[in-house]
Amino acid sequence: LSPAAAAQIPERSLGLYLTLLEGVNDALLQWPFDKPFTLSVVDQQQGPEDALVSIDPSDSTVSQEACPESFWRPFGRNDACGSANALSYDQLYDRKFIRYGAILLKAVIFLEEIRPPRFASLTIEENYLSARFEWLVPDLQDKIRKVREGRLAFLDSEKFYLSSNGYRMMLRLYPEKGKGFVGLYAVLTKGAYDDELRWPFNHAYRLEVIPPGGRPTIQRTTHPGRGCPDIAFQKPDRELSEWSCGKGIWCGARHSSKKIAPFFREERHSSGTPSL
């Protein structure tokens, strides 16, 4: 909060600014900062009308002209970005912005994702501690049709951690990898704990397609170092590993026929079960 110089602004005003500071997790974040935000002086009377400043870093007039050095990864602190005339002194005293000698400020950052991270469930399977993640894929017939029309290539699951402080990955499904086949793959993704983990990833994992109605599960097991490039299991240096590893799973004529059999009529679960 800063008083604006009277020589620069016709009436004396208060300025509101946001400054990015260096943080311990900066290496894990995407830069430049691109989240819209608002800064406000809160009107503390009944039926408040706050003095509001709205900033969108993705607006080129903001990121390239008004605040060109404000949203890159900070080393120390960045230049501030905001408004020099958020509220005039006349408004400050005429309305209830001051209460008991204090003003109330508010910053709101609009995040794209506010959900907590997903985790696989831990189970004991064949005397191994295993992590299991199930992914429900709805409207499969429609997705197969879009693949055949060239409007869809694959689907990605949510990203999930195998355990607390563990590896982070996701599943990738090709609804029609080839005639009679679906493709199911596991992809390592950049996680918050990668620097503390052992690389390359060396846990065997099983990928399954679970049909409805108690029919036998179609499954394939992958062992790192057998059949997939080594790069698929190295520590990711970007959001997604360059390679995924999995199988094209044969589903027979039921998948290639025009009439979708019961195996595909219902929603399908896909799951990954790495042994830890």
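Please refer to the structure higher up on the page.
Each chain carries its own residue numbering, running from 1 in the written order of its sequence. At least 70 in pLDDT is required for a residue's local features to be given in this predicted model, at least 80 for side-chain atom pairs to be given and counted, and no such filter applies to totals for whole chains, interfaces and linings, which use all residues. The basis for every side-chain value is the complete set of heavy atoms in the structure, and neither hydrogens nor water enter the calculation.

**Describing the overall build of the protein chain**
Inference 1: Only DSSP runs of H or I with at least four residues qualify as helices, and only runs of E with at least two residues qualify as strands; both kinds are numbered from the N terminus onward. Scanning the protein chain from terminus to terminus reveals 5 helices and 17 strands.
Inference 2: The buried share of the protein chain, taken over its 276 residues, is 39%.
Inference 3: Intrachain contacts of the protein chain at a sequence separation of at least 6 include 64% that bridge at least 24 residues.
Inference 4: We get accessible surface area from the Shrake-Rupley algorithm with a probe of 1.4 Å; when it comes to residues, only the shown protein chains can shield them. Counting only carbon and sulfur atoms, one obtains 49% of the accessible surface of the protein chain, whose full area is about 16400 Å². When a residue's accessible area, from a 1.4 Å probe over protein chains only, is under 20% of the maximum for its type it is buried; when over 50% it is exposed; and in between it is partly exposed. Contacts between residues were defined by any pair of non-hydrogen atoms, one from each residue, lying within 4.5 Å.

**A look at helix α3 (residues 140-148)**
Inference 1: Taken as a whole, α3 has its buried residues at Leu-140, Lys-143, Ile-144 and Val-147. End-on, the buried residues of α3 take up no more than an arc of 100°, which puts them together on one face.
Inference 2: Just downstream of α3 lies Gly-150, where phi reads positive at about 80°. The directions considered for the arc run from the helix axis to the C-beta atoms.

**As for the state of the cysteines**
The term disulfide refers to a covalent linkage connecting the sulfur atoms of a pair of cysteines.
Inference 1: A pair of sulfur atoms, both from cysteines and within 2.5 Å, is called a disulfide here. Per the counting criterion, the structure on display carries 1 disulfide.
Inference 2: Between the sulfur atoms of Cys-67 and its disulfide mate Cys-81 the distance is 2.0 Å. Across the S-S bond linking Cys-67 and Cys-81, the dihedral sits near 75°, which makes this disulfide right-handed. Here the residue Cys-67 occupies a position in the loop between α1 (60-66) and β5 (81-88), and Cys-81 occupies one in strand β5, the gap between them amounting to 14 residues.
Inference 3: Exposure remark for Cys-67: the relative accessible area of 6% places this residue in the buried category.
Inference 4: The class of Cys-81 is buried, set by a relative accessible area of 1%.

**Re a nonpolar patch on the surface**
Inference 1: Taken together, Leu-122, Ile-124 and Leu-129 make up a surface patch of nonpolar side chains, about 300 Å² in accessible area.
Inference 2: In this structure, Ile-124 sits in strand β8 (residues 121-125). The patches reported here contain residues having more than 30% relative accessible area and no salt bridge. Joining distances are 9 Å for like charges and 5 Å for nonpolar side chains (Val, Leu, Ile, Met, Phe, Trp, Tyr). Salt bridges are defined as contacts in which a side-chain nitrogen from Lys or Arg sits within 4 Å of a carboxyl oxygen from Asp or Glu.

**Here's the deal with the packing of aromatic side chains**
Inference 1: Here the aromatic set is Phe, Tyr and Trp, taking the six-membered ring for Trp, and pairing holds for ring centres within 6.5 Å; pairs whose planes are under 30 degrees apart are stacked, those over 60 apart are edge-to-face, and all others are tilted. All told, the structure shown has 10 aromatic pairs when counted by the stated rule.
Inference 2: When the ring of Phe-33 is compared with that of Phe-71, the centres are 6.1 Å apart and the planes differ by 20°; the resulting orientation is stacked. One end of the pair, Phe-33, is in the loop between β2 (13-18) and β3 (37-42); the other, Phe-71, is in the loop between α1 and β5, and 38 residues separate them in sequence. The residues Phe-33 and Phe-71 share a single accessibility class, namely buried.
Inference 3: An angle of 10° between the planes, with centres 3.9 Å apart, marks the rings of Phe-133 and Phe-160 as stacked. Of this pair, Phe-133 sits in strand β9 (residues 128-137) while Phe-160 sits in strand β11 (residues 160-161), placing them 27 residues apart in sequence. The same class applies to Phe-133 as to Phe-160, namely buried.
Inference 4: Through pairs of rings, three or more aromatic residues link up here, namely Tyr-167, Trp-199, Phe-201 and Phe-233.

**Here's the deal with the nonpolar core**
Inference 1: Trp-135, Phe-160, Leu-162, Leu-171, Phe-201, Tyr-205 and Phe-233 are the most contacted members of the largest nonpolar core, which totals 28 residues.
Inference 2: Put simply, the parts of the chain that give this core at least two residues each are β9, α3, β12 (168-178), β13 (181-189) and β14 (205-210). Buried residues of nine kinds, namely Ala, Val, Leu, Ile, Met, Phe, Trp, Tyr and Cys, make up a nonpolar core once their side-chain atoms join them within 4.5 Å.

**Details of the pattern of salt bridges**
If charged atoms from side chains of opposite charge come close, those side chains can pair.
Inference 1: With the rule as written, the count across this model stands at 15 salt bridges.
Inference 2: As a salt-bridge pair, Asp-50 and Lys-106 come within 3.9 Å of each other at their nearest N and O atoms. With Asp-50 in the loop between β3 and β4 (51-55) and Lys-106 in strand β6 (residues 104-109), this pair connects stretches of sequence that are 56 residues apart.
Inference 3: Glu-208 serves as the salt-bridge partner of Arg-206, at 2.5 Å between the closest nitrogen and oxygen. Glu-208 matches Arg-206 in its accessibility class, with the two residues each being buried.

**Focus on unusual backbone geometry**
Inference 1: In this chain, Trp-31 is followed by Pro-32 through a cis amide linkage whose omega measures 5°.
Inference 2: On the secondary structure map, Pro-32 appears in the loop between β2 and β3.
Inference 3: A cis amide bond links Trp-199 to the next residue, Pro-200, at an omega of 0°.
Inference 4: Relative to the assigned elements, Pro-200 resides in the loop between β13 and β14.
Inference 5: Positive phi, close to 55°, is recorded for Tyr-100, a residue that is not glycine.
Inference 6: Its place among the elements puts Tyr-100 in the loop between α2 (89-94) and β6.
Inference 7: One non-glycine residue with positive phi stands out, namely Glu-126, at about 55°.
Inference 8: Tracing the backbone shows Glu-126 in the loop between β8 and β9.

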